[in-house]
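# Descriptive structure summary
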Amino acid sequence: MNFFIQRYRARAIALLSYILLTACAMGPDYKRPSIEVNSQFRMNQDIGESVASQSWWEFLKDETLQQLITEAIINNQDLKRAVAMVEEYQARVHIARMDFLPKIDVESNAPFFGKLGGFPRPGFPTPFNYYGNAIMSWEIDVWGRIRRSTEAANADVFAQEENRRAILIMLISAVAQAYFDLLQYDTQRSIALQALASWEESVAISRAQLKAGLIPRIDLDQFEAERANAAALVADFERLIIQTENELNVLLGKKPSPILRFRTLAQQHIPPEIPAGLPSELLQRRPDIVQAEQVLAAATARIGMTKAMRFPRFSITGLLGVASPSLSNLLTFSDTKYGAGGIGLAAPLFNATILGFEQRAAEAQANQAIANYRQTILVAFKEVEDALIAIRKASEQRKARQQQVEALQSALHVANLRYRGGITSYVDVLLAKRNLYQAKFSHTEAHRLHLISIVRLYKALGGGWEREYQYKDTEEG
């Protein structure tokens, strides 16, 4: 008898080993979709290391801006939430991996409130007896359901990590843009104050000339209108300065407070050359593209997971325990032991149709992820090309505005000389002065646009990806 039992066990172990060795995960293995990529960017012909290979503290030279970005990385709430999401999905990976291990549940009972029945068979547990047992169940991953589930969980973690990187890059870009906006409003407020002082001087001169009968009333009205316009601009820029400081404070994770700055807009560093690198590098560098690919990998793994759920599940089960109507017998293990073991089988029956639709839903989700991945790449290339043309044209615009300011300064000087010589009226001076201040405002806007276009290119290229600033190290330090 023992010979047949041993022979049966040997065959069962051999069959189980064969199943485990030959089992393959169901569903398709992930492969990156084929994407056509140009050899170079349309608006950038420079072949060299991409500017995005620099760390942000090497790219943005202003020490005040560097300090603001560091503070934002430490305190920004959106970034903290992204970090917490990464930690959540890392825990989910461990949960998925635990399915590879046996599950053991422990159960016990002590009838403190009396017993209503006898104990018909020694070692057989009932609710009226003292007993304790351990139940073991170990699923054999024949069809790869657990493996595909773990693959999906790992891809989800990588996707969340890339989401954190994307938020970090967006945060750096947002702080830099808000800071340059603030410097622009500072400069324009200074120009508006200069204009206000100049127009107040003109109003005072015009009043004296009006009393002397040298000019008509309409000339004084025009000067007063220009002074009022300058005063309104000063008030508007002061409002924008406070609101931009408030915007920056939100990024820094702080309540509204003044933002210290020591450099002007004109003192900001503009790189002479800004190579974008190769388009193929964008697929590995830009975090939203990598995130979209990991979402696709997770969706592909879930196809196999849902497909495996349509097939029977094999498991090794076991039960081991002790039971007795008397606590003393239970502790001495006298005729109280019981146990059982075997191979379990669970197969879908009435819900097989539902599982089929779940597989179709998973396949549809994978198709959505493919479309999203390709669309993300298209948007990424579009943003890089937009930033490249913006840098080129903003540079040309800034230089042209500078030439305009210099020409109008000369025109104002000539108009003042002609007016003092009695050759022309003060209207020419008024027009020259108005045009000069408008040109200074436009030049400041062009300078700020040039700086922001460079930051947008850095963001579009997935900047700082090689020597990324470590969030946790900064927080602990």
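Everything below is about the structure shown above.
Scoring rules and cut-offs
- Residues numbered from 1 in each chain as written.
- Predicted model: local features only at pLDDT ≥ 70, side-chain atom pairs only at ≥ 80, totals over all residues.
- Heavy atoms only, no water.
- Helix = DSSP H or I, 4+ residues; strand = E, 2+ residues; numbered from the N terminus.
- Buried < 20%, exposed > 50% of the residue type's maximum accessible area, 1.4 Å probe, protein only.
- Contact = heavy atoms within 4.5 Å.
- Expected span 1.5 Å × (residues − 1).
- Polar contact = N/O pair within 3.5 Å; in protein donor to acceptor, adjacent residues only side chain to side chain.
- Core = buried A, V, L, I, M, F, W, Y, C linked by side-chain atoms within 4.5 Å.
- Patch = residues over 30% accessible without salt bridge, like charges linked within 9 Å, V, L, I, M, F, W, Y side chains within 5 Å.
- Areas by Shrake-Rupley, 256 points an atom, 1.4 Å probe, with all protein chains shown as cover.
- Salt bridge = Lys/Arg side-chain N within 4 Å of Asp/Glu carboxyl O.
- Axes fitted to C-alpha atoms, helices over the stretch in contact; angles between N-to-C directions.
- Parallel < 35°, antiparallel > 145°, perpendicular 65-115°, else oblique.
- Left-handed = near helix turned anticlockwise from the far one by under 90°.
- Nonpolar A, V, L, I, M, F, W, Y, C, P; charged D, E, K, R; others polar.
- Phe/Tyr/Trp six-rings, centres within 6.5 Å; stacked < 30°, edge-to-face > 60°.
- Lys NZ or Arg CZ within 6 Å of the ring centre and 35° of its normal.

## Some thoughts on the overall build of the chain
A count of helices and strands for the chain gives 12 helices and 4 strands. Here the chain holds 477 residues, and 41% of them are scored as buried. Considering only contacts within the chain whose residues lie at least 6 apart along the sequence, 84% involve residues at least 24 apart.

## Observations concerning helix α3 (residues 63–75)
With 13 residues, α3 ought to run about 18 Å at 1.5 Å a step, and its terminal C-alpha atoms sit 18 Å apart, in line with that. Its side-chain oxygen 2.8 Å from the backbone nitrogen of Thr64, Asp62 forms the N-cap of α3.

## As for the nonpolar core
Within soluble globular proteins, side chains that are nonpolar generally end up buried alongside one another. Counting 74 residues, the largest nonpolar core has Leu60, Leu65, Ile69, Val175, Phe180, Val384 and Leu457 as its most contacted members. In terms of residues, this core owes the most to one element, helix α5 (residues 145–211), which gives 18 residues. Ile69 has contacts with Trp56, Leu60, Ile172 and Val175, leaving out every residue within four places of it along the chain. Grouped together as the second largest cluster of nonpolar side chains are 6 residues, Ala299, Ile303, Ala362 and Ala369 included.

## Description of a nonpolar patch on the surface
A cluster of nonpolar residues, Met98, Phe100 and Leu101, forms a patch on the protein surface that exposes about 280 Å² of accessible area. Looking at the element boundaries, Leu101 is found in the loop between α4 (77–97) and β1 (103–109).

## Describing the packing of helix α8 (residues 287–308) against helix α10 (residues 352–420)
For any two helices packed against each other, one specifies the inter-axial angle together with the distance between the axes. Here α8 crosses α10 at 165°, and the two axes come no closer than 8 Å. Classified by the angle their axes make, α8 and α10 are roughly antiparallel. Judged by the sense of rotation from one axis to the other, the crossing of α8 with α10 is left-handed. In terms of residue class, the contact of α8 with α10 is built from 13 nonpolar, 5 polar and 6 charged.

## Structural notes on the packing of aromatic side chains
Applying the stated criterion across every chain, the model contains 4 aromatic pairs. Each ring, one from Trp143 and one from Phe311, has its centre 5.1 Å from the other, and the planes form 40°; the classification is tilted. One end of the pair, Trp143, is in the loop between β2 (130–140) and α5; the other, Phe311, is in the loop between α8 and β3 (313–324), with 168 residues separating them in the sequence. Trp143 sits in the partly exposed class, given a relative accessible area of 27%. The ring of Tyr89 carries Arg92 above its face, with NZ or CZ at 5.8 Å from the centroid. A cation over an aromatic ring shows up here: Lys433 above the ring of Trp199, its NZ or CZ 5.0 Å from the ring centre.

## So, the pattern of salt bridges
Following the criterion strictly, the structure yields 23 salt bridges and no others. The residue Arg145 makes a salt bridge to Glu139 at a minimum N-O spacing of 2.9 Å. Neither residue differs from the other here; Arg145 and Glu139 are each classed as buried. Here the salt bridges share partners, and the residues they tie into one network are Asp29, Arg148 and Glu151.

## Focus: the environment of Leu260
The residue Leu260 is located in the loop between α6 (217–251) and α7 (279–285) in this model. Linking Leu260 and Leu68, residues 192 residues apart in sequence, is a C-alpha distance of 9.7 Å.

## A few points about the packing of α5 against α6
Orientation of α5 relative to α6, taken along the N-to-C sense of each, is 160°, at an axis distance of 7 Å. As judged from the angle between their axes, α5 and α6 are roughly antiparallel. In terms of crossing hand, the pair formed by α5 and α6 is left-handed.

## Section: the environment of Pro102
As for its placement among the helices and strands, Pro102 is situated in the loop between α4 and β1. When near neighbours in sequence (up to four residues on either side) are disregarded, Pro102 contacts Met136, Ser137 and Trp138.

## Digging into α6
Counted at 1.5 Å a residue, the expected span for α6 with its 35 residues is 51 Å, and the 52 Å between its end C-alpha atoms agrees. Gly253 lies just past α6 and shows a positive phi near 70°.

## A few points about the side chain of Asp62
By secondary structure assignment, the location of Asp62 is in the loop between α2 (56–59) and α3. A polar contact is formed between the side chain of Asp62 and the side chain of Tyr179, at a distance of 2.9 Å. Beyond its immediate chain neighbours, meaning those up to four positions away, Asp62 contacts Tyr179, Arg263 and Gln268.

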